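Each chain is listed here by its residues.
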Amino acid sequence: MELTYFLTCIIATSVLSFVLTYFLYNPNKLPTQIRDLSNKCGISVIGAIFFGWTLVELASYPNEWPNTFSPFGVFPFLIAALALSLYSIEKGVINRFWIYLLITLISSQFFPEDVSVCQGLLPIELERLCLAIIWALFIHLYTTMDKVESMTLIQTQALCIGFTFLFPIYPNLFPINFAYYPILILAALLGFLFYKKSFPFLQLGKTGSAPLGFLMGFFFILMADKGMWLAFIVMPSYYYFEWIYSFIYRLKNKTVQLPIKYTFYISHVIQNHLNGIGIMSFLMKRMIILALLGILIQDFIIIAAVALVILYLDLITRLNTWGEPKPRLRDVFSDVKQATSILWHSAKDEVSKLKKR
């Protein structure tokens, strides 16, 4: 694909996301009797992604990825993501997890037979079933964390930034076309963020978090097929941290029934410090580090574990001391000087008293 065409595709995807969001939710034109769609703007983002991925698919040569990925390319997975977005507009009677599982079961059948997450250790039918269950659980986790404002946005951006580095770091495993797809997701999110600046209360909602979780799982499956299964543990590990913390918090506070949003660690930090924008920006930087770490560290479980412990100790320490002055080296010397002066004057006073006696 020519670079000019690809840049045009990025711009078109970004603009389309902006335009679709404008038509979906424009408080200056919509009458008051129309249902509020401020928490369902994910439809615009997924629509823009569908458009961008389709352009890449049509512009690629037959012998290039994704046309060589399967007879249907990425279209089955695009359609599944769009279906999840449309289904999430309204909450149905059936629990959403079973819908996620149904979508992942169907989607897993479109993977070529040579795509094997378990590297052939399990029969293909059993592997596809396990794959669909884990994929559905990941989508469920993604939609659960969406209860925290902007969490889906920052995590998706961080993961997509990591995915774009797969081609330059592992050119033998991933073709350059592979990097186009996370870049187009970033472009769609950028278009939405441009519109969100004017109306900060707009959110992706389940219509964005469910299909984005589905697409992130799609990338992780392709990486696991290349033996990079450790990335699935490291890159979205902040979500696992929040889920474990929330689970333990609910066990300790059985008598207090709180909405799940207020059982997350980051929710407590934001409530205590009342600085959500700064905290989320800080958190996104750490998520990008985790995304890059998951790609750079492969087959080094011990190193990855040590790095994760260090990162999370630093993360928790910084968040717990948010807003407090940072210790500086010159402040340490100043405090030592002041303490020495106090001790010296105290000693002189004591000596003077003894001499008088």
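Just so we're clear, the structure is a prediction, and the values are computed from it rather than from any experiment. (Residues numbered from 1 in each chain as written. Predicted model: local features only at pLDDT ≥ 70, side-chain atom pairs only at ≥ 80, totals over all residues. Heavy atoms only, no water.)

For the protein, the count of helices and strands is 15 helices and zero strands. Taking as baseline every contact in the protein between residues at least 6 positions apart, the subset at least 24 positions apart corresponds to 76%. Carbon and sulfur atoms provide 68% of the accessible area of the protein, an area that totals close to 19,000 Å². (Helix = DSSP H or I, 4+ residues; strand = E, 2+ residues; numbered from the N terminus. Contact = heavy atoms within 4.5 Å. Areas by Shrake-Rupley, 256 points an atom, 1.4 Å probe, with all protein chains shown as cover.)

We now examine helix α9 (residues 206-225). Counted at 1.5 Å a residue, the expected span for α9 with its 20 residues is 28 Å, and the 28 Å between its end C-alpha atoms agrees. The buried count for α9 comes to 20 of 20 residues, which makes it a mostly enclosed element. (Expected span 1.5 Å × (residues − 1). Buried < 20%, exposed > 50% of the residue type's maximum accessible area, 1.4 Å probe, protein only.)

A complete count under the given rule lists two salt bridges for this structure. Across the salt bridge formed by glutamate 127 and arginine 128, the nearest N and O atoms sit 3.5 Å from each other. For arginine 128, a relative accessible area of 6% gives the class buried. Arginine 286 is paired through a salt bridge with aspartate 314; the nearest N and O atoms lie 3.6 Å apart. Here arginine 286 is found in helix α13 (residues 276-296), whereas its partner aspartate 314 is found in helix α14 (residues 301-320), with 28 residues between them in sequence. We classify arginine 286 as buried; its relative accessible area is 15%. Judged by relative accessible area, which is 31%, aspartate 314 ranks as partly exposed. (Salt bridge = Lys/Arg side-chain N within 4 Å of Asp/Glu carboxyl O.)

Structurally, glutamate 149 can be placed in the loop between α5 (124-145) and α6 (151-163). The class for glutamate 149 is partly exposed, based on a relative accessible area of 48%. Residues in contact with glutamate 149, not counting those within four places in the same chain, are Pro200, Gln203 and Met280.

With that settled, the discussion passes to a nonpolar patch on the surface. Residues Ile11, Val15, Phe18, Val19, Phe23, Leu190 and Phe194 make up a contiguous nonpolar surface patch of about 650 Å² in total accessible area. Only α1 (3-24) and α8 (176-196) provide two or more residues apiece to the nonpolar patch. Looking at the nonpolar patch, the element that brings in the most residues is α1, giving five residues. If you trace the backbone, phenylalanine 18 turns up in helix α1. (Patch = residues over 30% accessible without salt bridge, like charges linked within 9 Å, V, L, I, M, F, W, Y side chains within 5 Å.)

Locating serine 88 in the fold gives a position in the loop between α3 (75-87) and α4 (96-108). Of the residues examined, serine 88 reaches a relative accessible area of 3% and is grouped as buried. Setting aside its immediate chain neighbours within four residues, serine 88 contacts Arg96, Lys206, Thr207 and Ala210.

Before going further, it helps to spend a moment on the packing of helix α12 (residues 265-273) against α13. Between α12 and α13, the shortest axis-to-axis distance is 9 Å and the interhelical angle comes to 140 degrees. Classified by the interaxial angle, the pair formed by α12 and α13 is oblique. Seen from above, α12 lies across α13 with right-handed handedness. Each of Ile266, Val269, Ile270 and His273 in α12 lies in contact with α13, whose residues at this interface are Gly276, Ile279, Met280 and Leu283. (Axes fitted to C-alpha atoms, helices over the stretch in contact; angles between N-to-C directions. Parallel < 35°, antiparallel > 145°, perpendicular 65-115°, else oblique. Left-handed = near helix turned anticlockwise from the far one by under 90°.)

Further remarks concern the packing of aromatic side chains. Here the structure, examined in full by the defined rule, presents 41 aromatic pairs. Ring geometry for phenylalanine 138 versus tyrosine 142: centroids 5.6 Å apart, planes at 45 degrees, classification tilted. Remark: tyrosine 142 and phenylalanine 138 occur in helix α5; sequence separation between them is four residues, near one turn of the helix. By the burial criterion, phenylalanine 138 is buried, and tyrosine 142 matches it. (Phe/Tyr/Trp six-rings, centres within 6.5 Å; stacked < 30°, edge-to-face > 60°.)

This part takes up the side chain of threonine 152. Structurally, threonine 152 is set in helix α6. Polar side-chain contacts of threonine 152 include one of 2.7 Å to the side chain of aspartate 146. Once residues within four sequence positions are removed from consideration, threonine 152 is found in contact with Tyr142, Asp146, Leu204, Ser209, Leu212 and Tyr239. (Polar contact = N/O pair within 3.5 Å; in protein donor to acceptor, adjacent residues only side chain to side chain.)

Moving on, we come to the packing of α5 against α9. Close contact between α5 and α9 brings their axes to 8 Å; oriented N to C, the two are set at 140 degrees. Taken together, the axes of α5 and α9 lie oblique to each other. In this structure, the crossing between α5 and α9 has a hand that is right-handed. Judged by residue contacts, Leu131, Trp135, Phe138, Ile139, Tyr142 and Thr143 of α5 engage Lys206, Ser209, Ala210, Leu212, Gly213, Phe214, Met216, Gly217, Phe218, Phe220 and Ile221 from α9. Residue classes in the contact of α5 with α9 are distributed as twelve nonpolar, four polar and one charged. (Nonpolar A, V, L, I, M, F, W, Y, C, P; charged D, E, K, R; others polar.)

A separate point is the nonpolar core. By size, the foremost hydrophobic cluster in this structure holds 101 residues, and its most contacted members are Met151, Tyr238 and Ile266. Sort the elements by how many residues they give to this core and α9 lands first, with eleven residues. If we ignore the near neighbours within four places in the chain, the residues touching isoleucine 266 are Val148, Met151, Tyr238, Glu242, Ile279, Met280, Leu283 and Leu319. (Core = buried A, V, L, I, M, F, W, Y, C linked by side-chain atoms within 4.5 Å.)

Assignment of secondary structure puts asparagine 253 in the loop between α11 (237-252) and α12. Between the C-alpha atom of asparagine 253 and that of threonine 263, which follows or precedes it by ten residues, the distance is 9.5 Å. A polar atom in the side chain of asparagine 253 sits 2.8 Å from the backbone oxygen of tyrosine 249.

So, on to unusual backbone geometry. Residue tryptophan 65 is joined to proline 66 through a cis peptide bond whose omega torsion reads 15 degrees. Structurally, the position occupied by proline 66 is in the loop between α2 (42-59) and α3.

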